[in-house]
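Close look at the chain arrangement
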Amino acid sequence: MAALMIATGCTAEPSAPGHAMSPDARAYLTTALDVMEGNSLYKGDLDWPAIRRSAFTRAAKARTQAETYGAVREALRNLGDHHSQFMTPEEAKAALSPSSENSPLPEGRLLPGGIGYLVLPSVASDKAAAAYVRQARAVVRDMDRRGARGWIVDLRSNTGGDMWGPLASAGRLLNDGDIGAFVESDGKRTAWTLHEGTPKPYLDAWGPAEPLAHPDPPVAVLTSKRTASAAEAVTIAFRGQPRTRSFGRPTRGVPTANDSHRLADGAMIVLTQAREADRTGRIYDGPIPPDEELPDDARNPGNSQDGTMEAATRWLGTQ
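All values derive from a computational prediction rather than experimental measurement.

Now for the overall build of the chain. A count of helical and extended segments in the chain gives 9 helices and 14 strands. At a minimum sequence separation of 6, the contacts of the chain that also span at least 24 residues come to 73%. A total of about 14400 Å² of accessible surface is found on the chain, and carbon and sulfur atoms cover 49% of it.

This brings us to the nonpolar core. If you look at the biggest cluster of nonpolar residues, it comprises 40 residues, and the most contacted ones within it are Leu-173, Trp-192 and Phe-238. For this core, the elements supplying multiple residues, two or more each, are α5 (129-145), β5 (150-154), α6 (164-169), β6 (177-184), β7 (189-195), β9 (219-223) and α8 (230-238). When residues of this core are assigned to their parent elements, the largest contribution, 7 residues, is made by α5. Among the nonpolar cores identified, the runner-up in size contains 25 residues, and Ala-55, Phe-56, Ala-75 and Leu-79 belong to it.

Take the packing of helix α1 (residues 23-39) against helix α3 (residues 69-78) next. Where α1 meets α3, the closest approach of the two axes is 10 Å, and the angle between their N-to-C directions is 15°. Classed by the angle they form, the pair α1 and α3 counts as roughly parallel. Of the two elements, α1 crosses α3, and the hand of that crossing is right-handed. Touching Tyr-28, Leu-29, Ala-32, Leu-33 and Met-36 of α1 are Tyr-69, Ala-71, Val-72, Ala-75 and Leu-76, all from α3. In terms of residue class, the contact of α1 with α3 is built from 10 nonpolar, no polar and no charged.

We now examine the side chain of Ser-40. Tracing the sequence through the fold places Ser-40 in the loop between α1 and α2 (48-58). Take Ser-40: its relative accessible area is 1%, and that puts it in the buried class. Polar contacts involving the side chain of Ser-40 include one to the main-chain amide nitrogen of Tyr-42, which spans 3.1 Å. Ignoring any residue separated from it by four or fewer positions in sequence, one finds Ser-40 in contact with Val-35, Leu-46, Trp-48, Leu-79, Ser-185, Leu-271 and Thr-272.

The sheet built from 6 strands is open, its strands ordered β3-β4-β5-β9-β10-β14 with mixed pairing. Two strands lie at the open edges of the sheet, namely β3 (107-111) and β14 (292-293), each paired on one side alone. In terms of strand pairing, strand β10 (residues 244-248) meets β14 through 2 bridges, oriented parallel. Each bridged residue has a counterpart across the sheet, and for Gly-248 the counterpart in β14 is Glu-293.

The subject of this paragraph is the packing of α2 against α3. Direction vectors running N to C along α2 and α3 enclose 155°, while the axes themselves pass 8 Å from each other. Between α2 and α3, the angle is such that the two are roughly antiparallel. Every pair of crossing elements has a handedness; the one defined by α2 and α3 is right-handed. Touching Ile-51, Ser-54, Ala-55 and Arg-58 of α2 are Gly-70, Ala-71, Glu-74, Ala-75, Arg-77 and Asn-78, all from α3.

Attention now moves to the pattern of salt bridges. Tallying each qualifying case throughout the model produces 11 salt bridges. Note that Asp-142 is salt-bridged to Arg-146, the shortest N-O span being 3.2 Å. The partly exposed category is assigned to Asp-142, whose relative accessible area is 39%. For Glu-310, the salt bridge is made with Arg-314, and the minimal N-O distance between the two is 3.3 Å.

Further remarks concern the packing of aromatic side chains. The final tally for this structure, using the stated rule, is 7 aromatic pairs. Arranged with centres 6.3 Å apart and planes meeting at 45°, the rings of Tyr-28 and Tyr-69 form a pair that is tilted. On the criterion of sequence distance, the pair formed by Tyr-28 in helix α1 and Tyr-69 in helix α3 is long-range, its members being 41 residues apart. Classification of Tyr-69 as buried rests on a relative accessible area of 11%. Every member of this aromatic cluster is reached through a ring pair, and the members are Trp-164, Phe-182, Trp-192, Tyr-202 and Trp-206.

Turning our attention to the confidence of the model for the chain. Do not read the fine detail of predicted coordinates wherever pLDDT is low. Mean pLDDT over the chain works out to 91, with 90% of the residues at or above the 70 mark. The model gives residues 1-16 a pLDDT under 50, and that stretch makes 35 contacts with residues more than four places away or in other chains.

So, on to unusual backbone geometry. Residues other than glycine seldom take positive phi values, yet His-82 does so here, at roughly 60°. Within the secondary structure, His-82 sits in the loop between α3 and β2 (85-87). Positive phi is not limited to glycine here, since Asp-216 has a value of about 50°. When you line up the elements, Asp-216 lands in the loop between α7 (203-206) and β9. By relative accessible area, Asp-216 is classed as exposed at 54%.

Most of α8 sits out of view: 9 of its 9 residues are buried. Residues Ala-230, Ala-231, Glu-232, Ala-233, Val-234, Thr-235, Ile-236, Ala-237 and Phe-238 constitute the buried set of α8. Positive phi shows up at Gly-240, right after α8, with a value of about 85°.

Conventions and cut-offs
Residues numbered from 1 in each chain as written. Predicted model: local features only at pLDDT ≥ 70, side-chain atom pairs only at ≥ 80, totals over all residues. Heavy atoms only, no water. Helix = DSSP H or I, 4+ residues; strand = E, 2+ residues; numbered from the N terminus. Contact = heavy atoms within 4.5 Å. Areas by Shrake-Rupley, 256 points an atom, 1.4 Å probe, with all protein chains shown as cover. Core = buried A, V, L, I, M, F, W, Y, C linked by side-chain atoms within 4.5 Å. Buried < 20%, exposed > 50% of the residue type's maximum accessible area, 1.4 Å probe, protein only. Axes fitted to C-alpha atoms, helices over the stretch in contact; angles between N-to-C directions. Parallel < 35°, antiparallel > 145°, perpendicular 65-115°, else oblique. Left-handed = near helix turned anticlockwise from the far one by under 90°. Nonpolar A, V, L, I, M, F, W, Y, C, P; charged D, E, K, R; others polar. Polar contact = N/O pair within 3.5 Å; in protein donor to acceptor, adjacent residues only side chain to side chain. Pairing = 2+ DSSP bridges. Salt bridge = Lys/Arg side-chain N within 4 Å of Asp/Glu carboxyl O. Phe/Tyr/Trp six-rings, centres within 6.5 Å; stacked < 30°, edge-to-face > 60°. pLDDT = per-residue confidence, 0-100.

Pasting the structure below:
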């Protein structure tokens, strides 16, 4: 989730179906649909009158805001992006104040041959990312000082959440500058820019990453069908970088960017609003295939039976 935007400017829809709805429920659903129509990635390609008719028919007897939730969810499904979602006020509050307890932190170890192995799991939000980034950078620093000259970045367990924490964690394994971009439906691009190993919007909060003793290393990126959303953005950030190769399975297939819109009762629409492009300008749509596709090693991640990591290690040995 990037920014929170308060939805305002509710407008009446006297001609819409569902005249038994209360004015409050009608205004609430209208606002939710206005948010979708004004911001959806596919806003120019959808039949909005049909989507609105369907939503108001679904909520025809709604007397409260909460009784429109099913209609809002149905409308989001009808957008066809497979990534947008609706959160109740309780779900939104939990998402915006994630607990760090029991959340997995990055980990790693130095492998034979001077290979640093870095596991980047999911992190809920940028608010929860500070401890995540500190831990990851400590792991990278330790392996670098112990002689790591090539790196494996394992994203196979990362199912999404925040992209900026993982990018800051692996920042020194990426080249500074523009490493990707959000691409909106009108073609507008917003670059992802690294400066001193940190995404520019977070440079003040997280500071620069410590430079590597062995800069510009070869990097192997591991992906699986569980690699999704924000983790797909991290995968994309490595695309087009020299001496970088990916291994494993194609990703989940939602390489799109969401933004968050609060509604009057504290509920939230998390809406898909942009595609994602790599540093070469290539826009991704659907699962991202690895350079070298291999069987899923979900039962053996990081151990001696992990064929994906073994293939990555062999390739790094040639670099």
